[in-house]
Amino acid sequence: DIYARLYGLPQRERGKKVEALLDLCEIRPYASVIYNELSTGLKQRLALAKALVNDPELLFLDEPTVGLDPDISIRIRQQVTDLRNRKGVTILLTTHYMREAEELCDEIAFIWGGRILARGDAESLKRQIKLGDTITVSLDHPDGDRQLMGLPGVLYCRVSGNAVECLVDDARKRLPDVLRCLQEGGSVINDVLVSEPDLEKVFIELVREGE
């Protein structure tokens with residue numbers, strides 16, 4: 001209510017806004033609790049409510065889930081997603097959690113030493129670094145790594161237990177050829193797993209290139 005007054009909201013509008021934000025940020029049960037007695041997670045949700053009291057077109061969030069329990073972090077991220085999707089708020093968010101950036105952000109900028117190393121959506125950043133995707137194929141008799149090395153886009157292969165791991169430039173393009181090659185070589189495929197490099201690896205590689 002104090003922050004609504006600072007933004008100049010009239011009394012009738014102010015009351016409705018406060019009531020709506022208590023529900024949106026799930027803090028109504030704590031409305032009568034003194035601020036210093038709130039947990040860290042509740043303080044974060046209250047800070048989000050205060051930031052929304054004037055219906056901003058642009059919202060700055062500085063590490064909104066840092067130090068929070070996983071369940072509270074999930075709620076905060078859901079609220080941020082709702083603001084972006086349903087209310088059309090433009091959000092500038094800083095975070096050290098790469099999974100959070102990938103989940104919430106349409107565009108990501110990596111900052112190191114006061115400068116932007118790269119920017120784009122999560123997929124384009126992964127392709128930019130060219131770390132490659134990993135295709136892991138579980139076989140009855142894993143001896144197909146030698147025949148796979150001759151395929152286009154296959155950068156590296158190795159046998160690990162009952163599986164063959166292939167590093168490829170683009171899994172979506174290379175997966176059909178990899179499976180076809182193994183089957184034609186007489187291998188029996190039990191399972192296939194495709195994994196992309198995560199943003200943490202991308203960031204580390206960008207920092208190395210920038211040093």
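The coordinates are above.
As the structure is a prediction and not an experimental result, all values here were calculated from the model. (Residues numbered from 1 in each chain as written. Predicted model: local features only at pLDDT ≥ 70, side-chain atom pairs only at ≥ 80, totals over all residues. Heavy atoms only, no water.)

### Overview of the nonpolar core
Generally speaking, soluble globular proteins have nonpolar side chains that are buried together.
Then, number 1: One finds Ile27, Leu48, Leu52, Leu59 and Leu61 to be the most contacted residues of the largest nonpolar core, which totals 22 residues.
Then, number 2: Every element with two or more residues in this core is listed here: helix H2 (11-24), helix H3 (40-51), strand S1 (58-62) and helix H4 (70-85).
Then, number 3: Broken down by element, the residue count for this core peaks at 4 residues, all from H4.
Then, number 4: Setting aside residues up to four positions removed in sequence, Leu52 forms contacts with Lys17, Leu21, Leu24, Leu59 and Leu83.
Then, number 5: Core analysis: the second largest hydrophobic core is formed by 14 residues, Val137, Leu151, Cys166 and Val178 among them. (Core = buried A, V, L, I, M, F, W, Y, C linked by side-chain atoms within 4.5 Å. Buried < 20%, exposed > 50% of the residue type's maximum accessible area, 1.4 Å probe, protein only. Helix = DSSP H or I, 4+ residues; strand = E, 2+ residues; numbered from the N terminus. Contact = heavy atoms within 4.5 Å.)

### Structural notes on H4
Then, number 1: An ideal rise of 1.5 Å per residue puts 22 Å on 16 residues; H4 measures up with 22 Å between its terminal C-alpha atoms.
Then, number 2: Of the surrounding secondary structure, the elements contacted by the buried residues of H4 are H2, H3, S1, strand S2 (90-94) and helix H5 (98-104). (Expected span 1.5 Å × (residues − 1).)

### Brief notes about the side chain of Asp170
Then, number 1: Mapped onto the secondary structure, Asp170 falls in the loop between strand S7 (163-168) and helix H8 (171-184).
Then, number 2: In terms of polar contacts, Asp170 uses its side chain to reach the backbone amide nitrogen of Arg172, at 3.0 Å.
Then, number 3: Beyond its immediate stretch of four places on either side in the chain, Asp170 contacts Arg127 and Asp133. (Polar contact = N/O pair within 3.5 Å; in protein donor to acceptor, adjacent residues only side chain to side chain.)

### Some remarks on the pairing of strand S3 (residues 108-112)
Then, number 1: Pairing analysis gives 5 bridges linking S3 to strand S4 (residues 115-120), with the strands arranged antiparallel. Its bridge partner lying in S4, Ile108 is registered against Gly120.
Then, number 2: Here S3 folds back onto S4, and the loop between the two strands holds 2 residues, one of which, Gly113, carries a positive phi near 60 degrees. (Pairing = 2+ DSSP bridges.)

### A closer look at the packing of aromatic side chains
Remark: the centre distance and the inter-plane angle together describe each pair of aromatic rings, the angle taken between the planes.
Then, number 1: Taken as a whole and assessed by the stated rule, the structure comprises 2 aromatic pairs.
Then, number 2: For the ring pair Phe110 and Phe203, a centre distance of 5.4 Å and an interplane angle of 45 degrees mean the geometry is tilted. Taken together, the residues Phe110 in strand S3 and Phe203 in helix H9 (residues 199-210) connect sequence positions 93 residues apart.
Then, number 3: Classification of Phe110 by relative accessible area gives buried; the value is 3%.
Then, number 4: In this structure Phe203 comes out as buried when scored by relative accessible area, which is 18%. (Phe/Tyr/Trp six-rings, centres within 6.5 Å; stacked < 30°, edge-to-face > 60°.)

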